[in-house]
Amino acid sequence: MIYFDNAATTSPLPEVLSLYMEKCQTVIGNSSSTHALGRKANRELDEARREILASFGLEKTHNLIFTSGATEGNNLSIKGVCKLYKNRGNKIIVSSVEHPSVTNVFKELEKEGFEVVYLPVNEEGKVLPSSLEEAMDNKTILVSIMGVNNEVGSINDMNALADIVHKYPKALFHSDLTQAVSKVKMPYNKIDMFTYSTHKIGGLRGDGALIYLKKIQFASLFDGGGQEGGFRSGTVDVPCALSHALAVKEAMKSMTRKIPHVKEIYDYLKEELGKLDEVSFNSPIDGSPFVLNISLKHKKASVILEALSEREIYVSSVSACSSKGEPISSVLLAMNRSEGDARNSLRLSFSESNTINEAQAFMKEFMDILERTINR
Ligand code: PMP
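Below you will find a few notes about this structure.

Procedures and definitions
Residues numbered from 1 in each chain as written. Predicted model: local features only at pLDDT ≥ 70, side-chain atom pairs only at ≥ 80, totals over all residues. Heavy atoms only, no water. Pairing = 2+ DSSP bridges. Helix = DSSP H or I, 4+ residues; strand = E, 2+ residues; numbered from the N terminus. Axes fitted to C-alpha atoms, helices over the stretch in contact; angles between N-to-C directions. Phe/Tyr/Trp six-rings, centres within 6.5 Å; stacked < 30°, edge-to-face > 60°. Buried < 20%, exposed > 50% of the residue type's maximum accessible area, 1.4 Å probe, protein only. Core = buried A, V, L, I, M, F, W, Y, C linked by side-chain atoms within 4.5 Å. Domains from an automatic or database assignment. Contact = heavy atoms within 4.5 Å. Salt bridge = Lys/Arg side-chain N within 4 Å of Asp/Glu carboxyl O.

**A closer look at the sheet that holds strand E7 (residues 193-197)**
The strand order across the open sheet built from seven strands is E2-E8-E7-E6-E5-E3-E4, with neighbouring strands paired in mixed fashion. Each edge of the sheet is formed by a strand with only one pairing partner; in this case those strands are strand E2 (62-67) and strand E4 (115-119). Averaged over all pairs of adjacent strands, the angle between strand axes in this sheet comes to 15°, irrespective of strand direction. Judged from the five bridges that link them, strand E3 (residues 91-95) and E4 form a sheet pairing that is parallel.

**Quick notes on the packing of aromatic side chains**
Each aromatic ring pair is characterised by the separation of its centres together with the angle its planes make. Under the criterion given, the structure shown has 11 aromatic pairs. On the basis of an interplanar angle of 50° and a centroid distance of 5.6 Å, the ring pair of phenylalanine 56 and tyrosine 196 is categorised as tilted. In this pair, phenylalanine 56 sits in the loop between helix H2 (36-55) and E2 while tyrosine 196 sits in strand E7, placing the two residues 140 residues apart along the sequence. Each member of the pair, phenylalanine 56 together with tyrosine 196, is buried. Here phenylalanine 218 and phenylalanine 231 contribute two aromatic rings whose centre-to-centre distance is 5.4 Å and whose plane-to-plane angle is 85°, an arrangement assigned as edge-to-face. With phenylalanine 218 in the loop between strand E8 (208-213) and helix H7 (238-253) and phenylalanine 231 in the loop between E8 and H7, the pair connects residues that are 13 residues apart, well separated along the chain.

**A closer look at the nonpolar core**
With 59 residues, the main nonpolar core has Phe56, Leu132 and Ile211 as its most contacted residues. Here this core spans two domains, since at least three of its residues come from each of domain 1 (2-8 + 254-372) and domain 2 (14-253). Setting aside residues no more than four positions away along its own chain, phenylalanine 56 makes contact with Val181, Tyr188, Phe194, Tyr196, Ile211, Val248 and Met252. Listed in part, the 29 residues of the second largest apolar core include Phe4, Val291, Leu308 and Ala359.

**Examining the pattern of salt bridges**
If you walk through the whole model with that rule in mind, you get 23 salt bridges. Measuring nitrogen to oxygen at the nearest pair gives 3.0 Å for the salt bridge that ties aspartate 137 to lysine 91. Taken as a pair, aspartate 137 in the loop between helix H5 (129-135) and strand E5 (140-144) and lysine 91 in strand E3 lie far apart in primary sequence, 46 residues in all. According to the relative accessible area criterion, lysine 91 is buried, its value standing at 7%. Between aspartate 277 and lysine 297 there is a salt bridge, with its nearest N and O atoms 3.7 Å apart. Here aspartate 277 is found in the loop between helix H8 (255-274) and strand E9 (279-281), whereas its partner lysine 297 is found in the loop between strand E10 (291-296) and helix H9 (301-310), with 20 residues between them in sequence. Judged by relative accessible area, aspartate 277 falls into the exposed class, the value being 56%.

What follows is the structure, given as structure tokens:
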């Protein structure tokens, strides 16, 4: 089996899983209960929160809400601030290549009367700081731009973008950092609120966080027992929070080891795939080494994906989250690729557990499949 779909999800680290199982047995109380077991659970929860913020270097300035993942974090933060701060201004800005859990939230807010500016990207999938500068004004209350794009791996200049947003005191800078955390260096301290899912970095599925500047408040999306500062009601899964803290710590610690490892695999595949006339690249030269996106000139990507899958080689086409709806990549269209390219892309995404031998085996099988498949 060759698993090159790590941007969709990764397997939990064994130590994360075993900590989770241990804590399920030892953390017995509900962290909201006022008896000794509840207080113990609550102390463990606070410790998990503190550890995670420390992993990002943000203990002093930021706070954290545990969520079920980036989808929930994006909904909670974007809707939460827009609902609460709408009297400050009516304009919100978003890049045109966000994950649907951001894009669709902005579309909803547009229906509710917000003026939404969709920022274009260049052919490398990046937002130009000059286009953000042009769009900003005193009515703007929120800007959302992802750190690393999930389909092509392009990296935005978060320093420059944050500086522009922060010239406007009423505006908050939100970023979906799901594909960035522990994979690409990010100026976390300059981002007012960010989200991620831990299953992309060796944590458990259905787990994530929204990290935000202490001064920010949110309108809560559901009413309930008032957990997580009243912003996210519902009993908190303390064993999950503790394993979340371990996953983030391990992921951040392993950056210097895993980035060169993954880059070697990426460079090898880029060189070998570059020799094939059938393939063009969509990932920019300076993108994340964890994501390599290509388009096929004459073959149907869905057919090649299925043929690879039959040989137990797993990659993805479009993004796992949008492939059920529209089978064309809106990200690639926004990057000015042709419709043919946008319908026939494949994403290979890596983790530290992949090897160069797998990359070599992938090339052999991929070339064999290309030879056996008729043109579209
Ligand atoms: N944002 C990005 C950039 C993603 O890649 C994903 C996962 N595909 C999400 C948000 C949503 O994550 P989850 O499904 O874990 O909520």
